[in-house]
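# What the coordinates show
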Amino acid sequence: QVQLVESGGGLVQAGGSLRLSCASSGGTISRYAMGWFRQAPGKEREFVATVSWDSRRKSYSDSVKGRFTISKDNANNTAYLQMNALKPEDSAVYYCAAERMPYGLGMRKIDFTSWGQGTQVTVSS
């Protein structure tokens, strides 16, 4: 497992952008698939985006497709979530997750064993 720390959350107006970062400490993420999930108050934690260990494959939830971009920088042991055209319904605590996955993508919470503490994103209308 690796230790993950998210940053970059905050308050933004609808239509604005934010870039979330997920830094790994205690180990390289070069062989890890990375995922972003979010949880709004009173709701289940839901899948947002995932990237394979080699960055060749990516997948997004329908609600963010075309607006969010996931990426990972193995040299800096950091994953990112670029969020554009934000909507109030994107407001949530965003969590990054990591798992060693030589094959496939992780799109379920149970696919990941390393999690960050979360960063709050609030989009005002």
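Residues numbered from 1 in each chain as written. Predicted model: local features only at pLDDT ≥ 70, side-chain atom pairs only at ≥ 80, totals over all residues. Heavy atoms only, no water.

## Considerations on the environment of R45
If you trace the backbone, R45 turns up in the loop between β4 (32-39) and β5 (46-51). When the C-alpha atoms of R45 and K109 are compared, they prove to be 8.1 Å apart, with 64 residues separating the residues in sequence. Not counting chain neighbours up to four residues away, the residues in contact with R45 comprise F37, R38, Q39, Y95, K109 and W115. A polar contact is formed between the side chain of R45 and the side chain of Q39, at a distance of 3.4 Å. (Helix = DSSP H or I, 4+ residues; strand = E, 2+ residues; numbered from the N terminus. Contact = heavy atoms within 4.5 Å. Polar contact = N/O pair within 3.5 Å; in protein donor to acceptor, adjacent residues only side chain to side chain.)

## What to know about the state of the cysteines
Taken as a whole and assessed by the stated rule, the structure comprises 1 disulfide. Two residues, C22 and C96, share a disulfide whose sulfurs are 2.0 Å apart. Between C22 and C96 the sulfur-sulfur dihedral comes to about 60°; the bridge is accordingly right-handed. Of this pair, C22 sits in strand β3 (residues 18-25) while C96 sits in strand β9 (residues 92-100); the two residues are 74 residues apart in sequence, bridging distant segments of the chain. Just as C22 is buried, C96 falls in that class too. (Disulfide = S-S within 2.5 Å. Buried < 20%, exposed > 50% of the residue type's maximum accessible area, 1.4 Å probe, protein only.)

## A closer look at the pairing of strand β8 (residues 78-83)
Burial within β8 is extensive, with 5 of its 6 residues counted as buried. Relative to β8, β3 runs antiparallel, the two sharing 6 bridges. Note that in β8 the partner of L18 across the bridge is M83. Between strand β7 (residues 68-73) and β8, which follow one another and run antiparallel, lie 4 residues, and N77 among them has a positive phi close to 50°. (Pairing = 2+ DSSP bridges.)

## Brief notes about the sheet that holds β3
The 4 strands are arranged β1-β3-β8-β7 in an open sheet whose pairing can be described as antiparallel. A single partner strand is all that each edge strand has here, and the edge strands are β1 (3-7) and β7. Neighbour to neighbour, the strand axes of the sheet diverge by 15° on average, direction disregarded. Across 5 bridges, the pairing between β1 and β3 is antiparallel. Note on β3: the bridge partner recorded for V5 is A23. (Axes fitted to C-alpha atoms, helices over the stretch in contact; angles between N-to-C directions.)

## Re the environment of L11
Structurally, L11 can be placed in strand β2 (residues 10-13). Given a relative accessible area of 65%, L11 falls into the exposed group. Note: C-alpha distance between L11 and S91 (80 residues apart in sequence) is 9.1 Å. Apart from the residues lying within four places of it in its own chain, the contact partners of L11 are T122 and S124.

## Considerations on the pattern of salt bridges
Going through the model one piece at a time under the given rule, you end up with 7 salt bridges. In this structure, R56 and D54 form a salt bridge, with 3.7 Å as the shortest nitrogen-oxygen distance. According to the relative accessible area criterion, D54 is partly exposed, its value standing at 25%. When the shortest N-O distance is used, the salt bridge between R67 and D90 registers 2.8 Å. Here D90 lies in the loop between β8 and β9 and R67 lies in the loop between β6 (58-60) and β7, a separation of 23 residues in the sequence. Judged by relative accessible area, R67 falls into the buried class, the value being 11%. For D90, a relative accessible area of 0% corresponds to the buried category. (Salt bridge = Lys/Arg side-chain N within 4 Å of Asp/Glu carboxyl O.)

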